Amino acid sequence: MVSHFLVGTFDTPLVFTLAFDPAAKTLEVVAKSEATGAHSWLSLSADKTRLYATAWTTPPGLAAYSVERGSGTPTVKLINAVETQARSGYCCNSRVAVYSAGGPTGEVFQLDEATGGFKAEIQKLDFVDRGVQVDSGGVMDFGGLRHGAHSADLSPDGKLLYVADIGRNCVFVYAVALDGTLTLTDKNIAPRTEDGPRHVTPHPDGEYVYSLQEHTSMVDVFRVVDGKTLAWKQGVKIIPSGIFRTYLGPTLEN
């Protein structure tokens, strides 16, 4: 059976549809959909009828698309787009909202039940404790993503949101209300001073979460306590000992 993938890039204003045929052992581009800009991260709705994407545009933002399947090959069609305070590195979605995080700030956008597009911004998030976030301005800084919040992931039951923050060396934990708004319940400082949490992914049962550390290439295991805070349990290095430690760990999934 052929499987399809929707793929964005860091610098191409297109969403690519790839077809993978395990029997033929082939992977090929079978369609290209016009996009609002470069989409570094994509998030499908649970029913796979809507696609939400970070948009590396000027000004930065997010885009919402419908997934079209009339031809048998999935493509996407723009519904609408919104602006974000800073360049978004990551987005995820529930049935009622889309969550964005990038550098010093993040947002919560309410979804339109009829279209699946963005309806309104209902909350701004500020991850900076004092003053202005330090941004090196370097070509690899990506608008502050290497020095601030980098990801946002919902728990399997949708009741918690985890934001990994490289610059603050922590994972923010938020309780999710029925309308999609957030309340901070924990700022969990990483086990090591130089870790730099880049991604967090929950176990399917929701009891544990895994954090990937950009600067130390460690994966740390945390237990969710009382449905609102994290408790560290274990850490393992994902590269052999003796290798230069500043290799970064880009993404973690389970």
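The rules behind each value
Residues numbered from 1 in each chain as written. Predicted model: local features only at pLDDT ≥ 70, side-chain atom pairs only at ≥ 80, totals over all residues. Heavy atoms only, no water. Helix = DSSP H or I, 4+ residues; strand = E, 2+ residues; numbered from the N terminus. Polar contact = N/O pair within 3.5 Å; in protein donor to acceptor, adjacent residues only side chain to side chain. Contact = heavy atoms within 4.5 Å. Buried < 20%, exposed > 50% of the residue type's maximum accessible area, 1.4 Å probe, protein only. Pairing = 2+ DSSP bridges. Patch = residues over 30% accessible without salt bridge, like charges linked within 9 Å, V, L, I, M, F, W, Y side chains within 5 Å. Areas by Shrake-Rupley, 256 points an atom, 1.4 Å probe, with all protein chains shown as cover. Salt bridge = Lys/Arg side-chain N within 4 Å of Asp/Glu carboxyl O. Core = buried A, V, L, I, M, F, W, Y, C linked by side-chain atoms within 4.5 Å. Axes fitted to C-alpha atoms, helices over the stretch in contact; angles between N-to-C directions.

### A short note on the side chain of Ser 155
Next, step 1: By the secondary structure assignment, Ser 155 is in the loop between strand E12 (149-154) and strand E13 (160-165).
Next, step 2: Of the polar contacts made by the side chain of Ser 155, one reaches the backbone nitrogen of Lys 159; its length is 3.2 Å.
Next, step 3: When near neighbours in sequence (up to four residues on either side) are disregarded, Ser 155 contacts Leu 160, Tyr 162 and Pro 202.

### A look at the pairing of strand E14 (residues 170-176)
Next, step 1: Counting buried positions over the 7 residues of E14 gives 6, a clear majority of the element.
Next, step 2: Looking at chain direction, E13 and E14 are connected through 6 bridges and run antiparallel. Bridge assignment links Leu 161 to a residue of E14, and that residue is Tyr 174.
Next, step 3: Turn length for the E13-E14 hairpin, with the two strands adjacent in sequence and antiparallel, is 4 residues, and the turn residue Asn 169 shows positive phi of about 50°.
Next, step 4: When E14 meets strand E15 (residues 182-189), the two strands line up antiparallel, connected through 7 bridges.

### Digging into a nonpolar patch on the surface
Next, step 1: A cluster of nonpolar side chains, contributed by Phe 5, Phe 20 and Leu 27, occupies part of the molecular surface with about 290 Å² of accessible area.
Next, step 2: Relative to the helices and strands, Phe 5 resides in strand E1 (residues 3-7).

### Section: the nonpolar core
Next, step 1: Core analysis: the largest hydrophobic core is formed by 19 residues, its most contacted members being Tyr 99, Phe 127, Ala 152, Leu 161, Val 163, Tyr 174 and Leu 182.
Next, step 2: Mapped by element, the contributors of at least two residues to this core are strand E8 (90-93), strand E9 (97-102), E12, E13 and E14.
Next, step 3: Element by element, the count of residues in this core is highest for E14, at 4 residues.
Next, step 4: With 10 residues, the next largest nonpolar core counts Ala 164, Val 171, Val 200 and Leu 230 among its residues.

### Side note on the pattern of salt bridges
Any two side chains of opposite charge can pair if their charged atoms end up close together.
Next, step 1: One pass over the structure, following the stated rule, counts 6 salt bridges.
Next, step 2: Measuring nitrogen to oxygen at the nearest pair gives 2.9 Å for the salt bridge that ties Lys 124 to Glu 121.
Next, step 3: Taking the relative accessible area as the measure of exposure, Lys 124 reaches 52% and is therefore exposed.
Next, step 4: Taking the shortest distance from any N to any O, the salt bridge between Arg 223 and Glu 207 comes out at 2.9 Å. Residue Arg 223 is found in strand E18 (residues 218-225), and its partner Glu 207 is found in the loop between strand E16 (197-202) and strand E17 (208-213); the two are separated by 16 residues along the sequence.
Next, step 5: When its relative accessible area of 35% is taken as the criterion, Arg 223 is described as partly exposed.
Next, step 6: Using a relative accessible area of 31% as the deciding quantity, one classes Glu 207 as partly exposed.
Next, step 7: Each of Arg 192, Asp 195 and Asp 220 takes part in salt bridges that share partners, so that together they form one network.

### Quick look at the sheet that holds E8
Next, step 1: Judged by pairing direction, the sheet is antiparallel, and its 4 strands sit side by side in the order E8-E9-E10-E11 without closing on themselves. Edge strands, defined here as strands with exactly one partner in the open sheet, are E8 and strand E11 (118-126). Strand after strand, the sheet turns through a mean of 20° between neighbouring axes, direction not considered.
Next, step 2: In terms of strand pairing, strand E10 (residues 105-111) meets E11 through 7 bridges, oriented antiparallel. Paired with Val 108 across the bridge in E11 is Gln 123.

### Re the sheet that holds strand E3 (residues 26-34)
Next, step 1: Across the sheet, which stays open at both edges, the 3 strands sit in the order E1-E2-E3 with antiparallel pairing between neighbours. Bordering the open sheet on either side are E1 and E3, each of which pairs with just one other strand. Pairs of neighbouring strands in the sheet enclose a mean axial angle of 25°, with direction left out of account.
Next, step 2: Taken together, the 8 bridges between strand E2 (residues 14-21) and E3 define a ladder with antiparallel strand orientation. The residue bridging Asp 21 from the neighbouring strand is Thr 26, located in E3.

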